[in-house]
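# Notes for the structure review
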Amino acid sequence: MTNTTPVCDYEGSDYRARFWDNQGRDYEDQVERIALRRLMPPSGDTLLDVGAGFGRLAGEYKGYERVVLFDYSRSLLREAQEYLGGDSRFIFVAGNWYDMPFVDGLFNTLVQVRTLHHAADAPALFHELARIARPQAAYVLEFASKHNLKAMLRYGLRRQAWSPFDPEPVEFVDLNFDFHPAWIRDQLTARGFMPQDMLTTSHFRFAPLKRVVPTGWLVSLDGAIQRTGAWWQLTPSVFVLSRRTSTRPAAASNAFFACPSCRTPLDAPRDGLLHCHNPACGRRWRVENGLYDFKEAI
């Protein structure tokens, strides 16, 4: 059952310092938070942040009883632990998003922002998220859109080979993909999610403009026109809210982790390990200093 699709690994990277801290992206951060607040249910039982990294958006989840910060990078999750302190609502889980270590029907809200562009097989990821989502679960997805004005201009001037109008994803560098909004909607629908509201963000992601116009002005303008995404999507960043259409039952209240290799539900850890009791599997997974590590069995 293990998926062999390549995964982008940020292990040991300085992602937060290199990309966010004092890097001129306050505008992007703020407009993404506006879109997330508009689409995400404000409260609930269990939320999954897919590709949570160092926990940039964790402050938006105050209305949730349990919040899983999931990432492939252990080092980024350790940063998230330091960043968030001792808040017991947060559960830190390292693993492969094509083989999630959770029981079926667990989460009532899923959030994925700025990570789908690393998905070499987005349909497989959507299929896995549908498995662990409860009936009518909300899935708030942000994706990098190839159907944006800059790409259209570059294509028209023959400065790029790929077409922003072609629905298929484009891999512009290794393990970095842009997607067409229509393709995303089709793939979500095929995997059991019903796309609903769509918002566009980062309308003014243009470095010279950000240098001369106050960030607050740009954020206010962006927030005012995000809802035009219901009619057209011409920005580099698009948000979509989908609902899980399955009628399968939600997970039992005492069920949470499952073996990512065979899907057998896992009991509470013993001596720092989670044990798979399936005789045909028998894998063990490490729990160390509050980090559930499903990246590789021991």
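Further up the page is the structure itself.
In this text the structure is predicted, and so the values were computed from the model without any measurement. (Residues numbered from 1 in each chain as written. Predicted model: local features only at pLDDT ≥ 70, side-chain atom pairs only at ≥ 80, totals over all residues. Heavy atoms only, no water.)

### Some remarks on the side chain of Glu-142
Cut-off, in case you're wondering: Helix and strand definitions follow DSSP, with helices as H or I runs of at least four residues and strands as E runs of at least two, each counted in order from the N terminus. With a 1.4 Å probe rolled over the protein chains alone, any residue whose accessible area is under 20% of its type maximum counts as buried; one over 50% counts as exposed, and the rest are partly exposed. Charge counting follows a simple rule: Lys and Arg are positive, Asp and Glu are negative, and His as well as the terminal groups are ignored. Salt bridges are defined as contacts in which a side-chain nitrogen from Lys or Arg sits within 4 Å of a carboxyl oxygen from Asp or Glu. For this analysis, a polar contact is any N or O atom pair within 3.5 Å, provided that within protein one partner can donate a hydrogen and the other can accept it, and provided that sequence-adjacent residues contribute only side-chain to side-chain pairs. Contacts are assigned to residue pairs with any non-hydrogen atoms lying within 4.5 Å of each other.
Position of Glu-142 among the secondary structure elements: in strand E5 (residues 133-144). One buried charged residue, Glu-142, forms no salt bridge at all, with the nearest opposite charge on Arg-205 at 5.4 Å. One polar contact links Glu-142 to Ser-237, side chain to side chain, over a distance of 2.7 Å. When neighbours within four sequence positions are excluded, Glu-142 is seen to be in contact with Gln-112, Val-113, Arg-114, Leu-116, Ser-237, Val-238 and Phe-239.

### Examining the pattern of salt bridges
Using the criterion set out here, one finds 21 salt bridges in the structure. Ionic pairing is found between Asp-21 and Arg-16, a salt bridge with its closest N-O pair at 3.6 Å. Under the relative-accessibility criterion, Arg-16 is labelled partly exposed at 23%. The shortest N-O distance in the salt bridge between Glu-32 and Arg-56 comes to 2.8 Å. Placement of Glu-32 in helix H2 (residues 26-39) and of Arg-56 in the loop between strand E1 (44-50) and strand E2 (64-71) is noted, with a sequence separation of 24 residues between them. Overall, the relative accessible area of 1% leaves Glu-32 in the buried class. Where salt bridges share partners, they join Asp-29, Glu-32, Arg-33, Arg-37, Arg-56, Glu-60 and Arg-114 into one cluster.

### A short note on the pairing of E1
Convention followed: Any two strands between which DSSP finds at least two bridges are classified as paired.
Counting buried positions along E1 gives 6 out of 7 residues, so the element sits mostly inside the fold. Where E1 meets E2, 6 bridges bridge the pair, whose relative direction is parallel. In the strand pairing of E2, Leu-48 is matched with Val-68. Where E1 meets strand E4 (residues 107-112), 3 bridges bridge the pair, whose relative direction is parallel.

### Here we look at the nonpolar core
Here is the rule: As used here, the term nonpolar core means buried Ala, Val, Leu, Ile, Met, Phe, Trp, Tyr and Cys residues forming a set that is joined through side-chain atoms within 4.5 Å.
Counting 51 residues, the largest nonpolar core has Leu-48, Phe-102, Leu-116, Leu-129 and Phe-257 as its most contacted members. Top contributing element to this core by residue count: helix H4 (residues 122-132), with 7 residues. Contacts of Phe-257, omitting those with residues within four sequence positions, involve Ile-91, Val-93, Pro-101, Phe-102, Val-103, Pro-265, Leu-266, Leu-274, Tyr-292 and Phe-294.

### Quick look at the sheet that holds strand E3 (residues 90-94)
Here is the rule: Helix axes are fitted only over the stretch in contact, all axes being lines through C-alpha atoms; the angle between N-to-C directions runs from 0 to 180 degrees.
Spatial strand order, E8-E9-E5-E4-E1-E2-E3-E12-E11-E10: 10 strands in an open sheet with mixed pairing. Both edges of this open sheet fall to strand E8 (193-201) and strand E10 (273-275), since each of them pairs with a single strand only. Taking the axes of each pair of neighbouring strands and ignoring which way they run, one obtains an average angle of 20 degrees across the sheet.

### Describing the packing of H4 against helix H6 (residues 181-190)
Here is the rule: Geometric relationships in this document are graded by angle, where less than 35 degrees denotes roughly parallel, more than 145 denotes roughly antiparallel, 65 to 115 denotes roughly perpendicular, and other angles denote oblique. Less than a right angle of anticlockwise turn of the near helix away from the far helix marks a crossing as left-handed, whereas a clockwise turn marks it as right-handed. Just so you know the grouping, Ala, Val, Leu, Ile, Met, Phe, Trp, Tyr, Cys and Pro go in nonpolar, Asp, Glu, Lys and Arg go in charged, and all remaining residues, Gly too, go in polar.
Relative to each other, H4 and H6 sit at 40 degrees, their axes nearing to 9 Å. What the angle tells us is that H4 and H6 run oblique. By crossing handedness, the relation of H4 to H6 is classed as right-handed. Along its contact with H4, which presents Ala-122, Pro-123 and Phe-126, the element H6 presents Trp-183, Ile-184, Gln-187 and Leu-188. Split by residue class, the contact of H4 with H6 holds 6 nonpolar, 1 polar and no charged.

### What about the side chain of Ser-246?
With respect to the helices and strands, the residue Ser-246 is situated in the loop between strand E9 (237-244) and E10. A distance of 2.9 Å separates the side chain of Ser-246 from the backbone nitrogen of Arg-248, its partner in a polar contact.

### Digging into H6
Worth spelling out the cut-off: Taking the helix axis as origin, the arc is that swept by the directions to the C-beta atoms.
Buried residues of H6: Pro-181, Trp-183, Ile-184, Gln-187 and Leu-188, and no others. Projection of H6 onto a plane perpendicular to its axis shows the buried side chains occupying an angular sector of 155 degrees, all on one side. What points out from H6, more than 90 degrees from its buried face, is the exposed set Asp-186 and Ala-190. Here the buried face of H6 lies against H4, E5, E8 and E9.

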